[in-house]
Amino acid sequence: TATPYTVNLRQGPGTEFSRLARIPAGSSAALVGRNAANQWYQVNYNGIVGWVSAEFVVLSSGVNLNSVPITG
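Nothing here was measured: the structure is a model prediction, and the numbers come from that model. (Residues numbered from 1 in each chain as written. Predicted model: local features only at pLDDT ≥ 70, side-chain atom pairs only at ≥ 80, totals over all residues. Heavy atoms only, no water.)

Here we look at the side chain of arginine 10
Link 1 in the chain: Mapping arginine 10 onto the fold places it in strand S1 (residues 7–10).
Link 2 in the chain: Put simply, arginine 10 is tucked away with no salt bridge, and the nearest opposite charge, on glutamate 16, sits 7.6 Å away.
Link 3 in the chain: A distance of 3.4 Å separates a polar side-chain atom of arginine 10 from the backbone oxygen of threonine 15.
Link 4 in the chain: At 2.7 Å, the side chain of arginine 10 and the backbone oxygen of phenylalanine 17 are in polar contact.
Link 5 in the chain: The contact partners of arginine 10, leaving out residues within four places of it in the chain, are Thr15, Phe17, Ser18, Arg19, Leu20, Trp40, Gly50 and Trp51. (Helix = DSSP H or I, 4+ residues; strand = E, 2+ residues; numbered from the N terminus. Buried < 20%, exposed > 50% of the residue type's maximum accessible area, 1.4 Å probe, protein only. Lys, Arg positive; Asp, Glu negative; His and termini not counted. Salt bridge = Lys/Arg side-chain N within 4 Å of Asp/Glu carboxyl O. Polar contact = N/O pair within 3.5 Å; in protein donor to acceptor, adjacent residues only side chain to side chain. Contact = heavy atoms within 4.5 Å.)

A word on the packing of aromatic side chains
Link 1 in the chain: The final tally for this structure, using the stated rule, is one aromatic pair.
Link 2 in the chain: With centroids separated by 6.0 Å and ring planes inclined at 75°, the aromatic side chains of tyrosine 5 and phenylalanine 56 adopt a geometry described as edge-to-face. In this pair, tyrosine 5 is assigned in the segment before S1 and phenylalanine 56 in the segment after strand S5 (48–53), connecting sequence segments 51 residues apart.
Link 3 in the chain: Assessed through its relative accessible area of 51%, tyrosine 5 is described here as exposed. (Phe/Tyr/Trp six-rings, centres within 6.5 Å; stacked < 30°, edge-to-face > 60°.)

Quick look at the side chain of glutamine 42
Link 1 in the chain: With respect to the helices and strands, glutamine 42 occurs in strand S4 (residues 40–45).
Link 2 in the chain: Under the relative-accessibility criterion, glutamine 42 is labelled buried at 16%.
Link 3 in the chain: Discounting residues that sit within four places of it in the chain, glutamine 42 has contacts with Ala30, Leu31, Val32, Gly33, Arg34, Val49, Gly50, Trp51 and Thr71.

Things to note about unusual backbone geometry
Link 1 in the chain: Residues threonine 3 and proline 4 are joined by a peptide bond in cis, for which omega reads -10°.
Link 2 in the chain: Its place among the elements puts proline 4 in the segment before S1.
Link 3 in the chain: You will see that asparagine 38, though not glycine, has its phi angle at about 60°, which is positive.
Link 4 in the chain: Tracing the sequence through the fold places asparagine 38 in the loop between strand S3 (30–34) and S4.
Link 5 in the chain: Within the chain, asparagine 46 stands out as a residue other than glycine whose phi angle is a positive 50°.
Link 6 in the chain: Considering the arrangement of structural elements, one finds asparagine 46 in the loop between S4 and S5.
Link 7 in the chain: Among the residues examined, asparagine 46 registers a relative accessible area of 66% and is labelled exposed.

Function cannot be read off these values alone, since they describe shape.
Shown next, in the form of structure tokens:
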């Protein structure tokens, strides 16, 4: 869930990558991957797969990051 702000969905795991979309605050996306440092999460938001900063994400309770594949 994007919180507490609207979050940029980026082409890659970093602010240097272009923005694909914006996820409104309070909206959720499916977690599909992460980078090795767990600083960026790859998500699927309404069919758009991109990256969001972990700083602006609240994971659902019970999510085990160790089971999420490293994709970037």
